[in-house]
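Residue-level listing of the chains:
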Amino acid sequence: MVEAVTLVTLVALALLLGGVVGSVVPVLPSGLLSLAGVGVYAGWGAEEVGFLLLASFVLVALAAAVLEQFAGPLTARATGASTRTMLIAAGAGVLLFFVTGPVGILIGSFGAVLLLELHRGESGEDAARRAGYTVLGMLGSAVMQVLLTGSVLAGFVLFVLVL
């Protein structure tokens, strides 16, 4: 049965929802917001959360946080781009975010990988492939973050608030 909602529950839900939103809005740390939501409720919530449930929420939220930080750069690296290219592409994405919004991250990363790989002497085809895979890795990361943070939110509502 659903009980009365407390301020702590509302804060936890807001943080969990922020985690889902942060999966597609680059400035918000999706996994960390989800982790904070779980932590707020575990620390100050009306009911105790069982160890296994809490551990599963924490692990899924941490997986989202790690994925958020490393999926794009690791995809670039996995396709053969240099570490230098990977770091510069991340910086270009961040800079263009402030100029063109979320699309700037994708454009900046793609352009940086493409140009740096061409400068490094790679063929146009290889440079374009690496740049494309980098963007696909970033988009795939966003999808996985939505699924992970959404599962923490859904699990919290179901197992903590409803059951």
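Basis of the calculations
Residues numbered from 1 in each chain as written. Predicted model: local features only at pLDDT ≥ 70, side-chain atom pairs only at ≥ 80, totals over all residues. Heavy atoms only, no water. Salt bridge = Lys/Arg side-chain N within 4 Å of Asp/Glu carboxyl O. Phe/Tyr/Trp six-rings, centres within 6.5 Å; stacked < 30°, edge-to-face > 60°. Helix = DSSP H or I, 4+ residues; strand = E, 2+ residues; numbered from the N terminus. Buried < 20%, exposed > 50% of the residue type's maximum accessible area, 1.4 Å probe, protein only. Expected span 1.5 Å × (residues − 1). Arc of directions from axis to C-beta. Contact = heavy atoms within 4.5 Å. Axes fitted to C-alpha atoms, helices over the stretch in contact; angles between N-to-C directions. Left-handed = near helix turned anticlockwise from the far one by under 90°. Nonpolar A, V, L, I, M, F, W, Y, C, P; charged D, E, K, R; others polar. Parallel < 35°, antiparallel > 145°, perpendicular 65-115°, else oblique.

A. Structural view of the pattern of salt bridges. Counting across every chain of the model gives 5 salt bridges. Across the salt bridge formed by Arg 120 and Glu 117, the nearest N and O atoms sit 3.6 Å from each other. Put simply, Glu 122 and Arg 130 hold a salt bridge, and the shortest N to O gap is 3.4 Å. What you see here is one network of salt bridges that share partners, running through Glu 117, Arg 120, Glu 122 and Arg 130.

B. Highlighting the packing of aromatic side chains. Summed over all chains, the structure comprises 2 aromatic pairs. Between Tyr 41 and Phe 156 the ring centres are 5.1 Å apart and the planes differ by 85 degrees, which places this aromatic pair in the edge-to-face class. Here Tyr 41 is found in helix 2 (residues 30–44), whereas its partner Phe 156 is found in helix 6 (residues 124–162), with 115 residues between them in sequence. We note that Tyr 41, like Phe 156, is buried.

C. Broad picture of helix 5 (residues 102–119). The end-to-end C-alpha distance of helix 5, which contains 18 residues, comes to 26 Å, matching closely the 26 Å that a straight helix rising 1.5 Å per residue would cover. Taken together, the buried positions of helix 5 are Gly 104, Ile 105, Gly 108, Ser 109, Ala 112, Val 113, Leu 116 and Glu 117. Looking down the long axis of helix 5, one finds its buried residues gathered within 165 degrees of arc, a one-sided arrangement. Tucked inside the fold, the buried residues of helix 5 contact helix 4 (83–100) and helix 6. Residue Gly 121 follows helix 5 closely and has a positive phi angle near 100 degrees.

D. Inspection of the packing of helix 4 against helix 5 at higher detail. Close contact between helix 4 and helix 5 brings their axes to 7 Å; oriented N to C, the two are set at 145 degrees. Helix-helix and strand crossings are classified by hand; for helix 4 and helix 5 the assignment is right-handed. Each of Arg 84, Thr 85, Ile 88, Ala 89, Ala 92, Gly 93, Leu 96, Phe 97 and Thr 100 in helix 4 lies in contact with helix 5, whose residues at this interface are Pro 102, Val 103, Gly 104, Ile 105, Ile 107, Gly 108, Ser 109, Ala 112, Val 113, Leu 116 and Glu 117. Its residues placed into classes, the contact of helix 4 with helix 5 shows 12 nonpolar, 6 polar and 2 charged.

E. Structural context of the packing of helix 2 against helix 3 (residues 51–78). Between helix 2 and helix 3, the shortest axis-to-axis distance is 7 Å and the interhelical angle comes to 160 degrees. Taken together, helix 2 and helix 3 sit at an angle that is classed as roughly antiparallel. For the pair helix 2 and helix 3, the crossing hand works out as left-handed. Of the residues in helix 3, those in contact with Ser 30, Gly 31, Leu 32, Ser 34, Leu 35, Val 38 and Ala 42 of helix 2 are Leu 54, Phe 57, Val 58, Ala 61, Leu 62, Ala 64, Ala 65 and Glu 68. Of the residues in the contact of helix 2 with helix 3, the class split is 11 nonpolar, 3 polar and 1 charged.

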